[in-house]
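# Observations on the three-dimensional arrangement
The primary structure of each chain is shown beneath.
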Amino acid sequence: MPLAGGAQAADGGASGFATKAAQAYMIEASTGTVLLAKNEDQGFSPASLAKLMTMDLVFEAVTKGQITLDTEYPVSEYAWRTGGAPSRTATMFAALKSRVRVEDLIKGIAIQGANDSCIILAEGMAGSEQQFAESMTRRAREIGMEKAVFGNSTGLPDGKSKVTAREMVTLAAALQQSYPNLYPYFAQPDFEWNKIFQRNRNPLLGLDLGADGLATGFSEGEGYSIVASVQRDGRRLFLALAGIASDKERTEEAKRVLEWGLTAFESRQIFAEHEVIGAASVYGGAARTVDLIAKAPVSVYIPVSNPDRLSARIVYRWPLTAPVQPDYQAGTLRIFAGSRLLREVPLYTAQAVGEGSLSSRAVDAMLELGESLFFSWLWDKSAPG
């Protein structure tokens, strides 16, 4: 049940700013504050943005030592025809029946968005692209992408692959934060393979924004998309835009949105580290409540000019049952700008609460029964006859 929080501050929302994209989502990395949200949970075809999930699986395998950067995989005829030179799609031009090192395949994807690189890795790591695609969807669930479905490693049209802007930001953040030694491949300016030189396809890298990743996409009927990250003046932003009318407009809009995100906000601390933020009810305990704290300072990004008010709310499953241990994750602090959720922060119990006396537990049982009957009555009254 929600309890009113004590925070009254300024809004980190995006009021007064609009984007041409059909779907958009942008966060500030250190606080997780949502700076821009538009149809962020509406599904769209990922196109080449799907390659970011392929990269996540490859980076994970390298990090865990399941493969190395020097591992070699063969170029099958399927990989060559579907994603190589004959395909007339983005390719690193891997030669049929050759063997290519994992590091070169990673560069092919990160720098050129190469379809042959994706398929070679998928077949080499999982035995088939279909099995690899199933692993992509499973991995998506593991990192919090609840809706994403991947039908192949490349994002080539398959009729079933879907992602959301919020999910693509989740994936971009996971790549940057989980694989700091491998993430820099996304910012390499160029790559040459098979005597063919190609520049990085990310149009933001040369615009002096601080961009260092990640990928672009295009889907027939749905338009142009981009997932980007910038780091400048100690700030990192992650952005996903989709449903843009043209390649040129995609670059212009991404640049405009990111510049706004970098310049229009400032950080504001709401709660200090280990400051008591609220309390949760305890059933059958020696104390009726337990204090809730965050393990780190709680900050949000707010507009530099014309800030509105924030509201904060504590959410937990009522009531906690004694005994309660200290440092138990009991709830979540949700920070809103109006009705829009800016960020969520886990809350932990500040102290232990032991079991109460028999008489106090009896009183709590009566209170819980009375409140349960009350809420049941409300539900019955609101239910259709």
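Parameters at a glance
- Residues numbered from 1 in each chain as written.
- Predicted model: local features only at pLDDT ≥ 70, side-chain atom pairs only at ≥ 80, totals over all residues.
- Heavy atoms only, no water.
- UniProt positions renumbered as here; feature names shortened; annotations may be inferred.
- Phe/Tyr/Trp six-rings, centres within 6.5 Å; stacked < 30°, edge-to-face > 60°.
- Helix = DSSP H or I, 4+ residues; strand = E, 2+ residues; numbered from the N terminus.
- Buried < 20%, exposed > 50% of the residue type's maximum accessible area, 1.4 Å probe, protein only.
- Contact = heavy atoms within 4.5 Å.
- Pairing = 2+ DSSP bridges.
- Axes fitted to C-alpha atoms, helices over the stretch in contact; angles between N-to-C directions.
- Parallel < 35°, antiparallel > 145°, perpendicular 65-115°, else oblique.
- Left-handed = near helix turned anticlockwise from the far one by under 90°.
- Nonpolar A, V, L, I, M, F, W, Y, C, P; charged D, E, K, R; others polar.
- Salt bridge = Lys/Arg side-chain N within 4 Å of Asp/Glu carboxyl O.

Within an unreviewed UniProt entry, the label attached to the protein chain reads serine-type D-Ala-D-Ala carboxypeptidase, and the organism entered is Rhizobium lentis. Of the protein chain, the UniProt comment under Catalytic activity (unreviewed entry) reads exactly: "Preferential cleavage: (Ac)2-L-Lys-D-Ala-|-D-Ala. Also transpeptidation of peptidyl-alanyl moieties that are N-acyl substituents of D-alanine." Of the protein chain, the UniProt comment under Pathway (unreviewed entry) reads exactly: "Cell wall biogenesis; peptidoglycan biosynthesis."

### Considering the packing of aromatic side chains
Tallied over the entire structure, the rule returns seven aromatic pairs. By way of ring pairs, the aromatic residues Phe59, Tyr179, Tyr183 and Phe186 are connected into one cluster.

### What to know about the environment of Arg141
With respect to the element layout, Arg141 can be found in helix α5 (residues 129–142). When its relative accessible area of 38% is taken as the criterion, Arg141 is described as partly exposed. Among residues more than four places away in sequence, those in contact with Arg141 are Glu146, Lys147, Ala148 and Val149.

### A look at the sheet that holds strand β8 (residues 211–219)
Reading across from one edge, β3-β2-β10-β9-β8 is the order of the five strands in this open sheet, with antiparallel pairing throughout. Looking at the sheet topology across the chains shown, the edges are occupied by β3 (34–38) and β8. Across the sheet, the mean angle from the axis of one strand to that of its neighbour is 5 degrees, orientation sign disregarded. One ladder, built from eight bridges, connects strand β9 (residues 223–232) with strand β10 (residues 235–244); its direction is antiparallel. In the strand pairing of β10, Gln231 is matched with Arg236. Packing against the sheet, helix α6 (residues 165–178) makes contact with β2 (23–28), β8, β9 and β10, and its axis sits at approximately 145 degrees to β10.

### Digging into the pairing of strand β6 (residues 190–193)
Both β6 and strand β7 (residues 196–199) contribute to a ladder of four bridges, which runs antiparallel. Bridged to Phe191 within β7 is Gln198. The turn linking β6 back onto β7 is made up of two residues, and Asn194 within it adopts a positive phi angle of 55 degrees.

### Some words on the packing of helix α1 (residues 51–63) against α6
Two quantities define a packed helix pair, namely the angle between the helix axes and the distance between the axes. The contact between α1 and α6 brings their axes to 10 Å, and the two run at 30 degrees. With respect to each other, α1 and α6 are oriented roughly parallel. As for the relative orientation of α1 and α6, their crossing is left-handed in sense. Taking contact as the criterion, the partners of Leu52, Met53, Met55, Asp56 and Phe59 in α1 are, on α6, Met168, Leu171 and Leu175. Residues of the contact of α1 with α6, tallied by class, amount to seven nonpolar, no polar and one charged.

### Observations concerning the pattern of salt bridges
In the structure shown here, the tally under the stated rule is 20 salt bridges. We note a salt bridge from Glu60 to Lys64, for which the minimum N-O separation is 3.1 Å. Residue classification places Glu60 among the buried residues on the basis of a relative accessible area of 16%. Its salt-bridge partner being Glu266, residue Arg268 comes within 3.9 Å of it at the nearest N-O pair. Exposure remark for Glu266: the relative accessible area of 31% places this residue in the partly exposed category. Residues joined in a network through salt bridges with shared partners are Asp56, Glu60, Lys64, Arg139 and Glu142.

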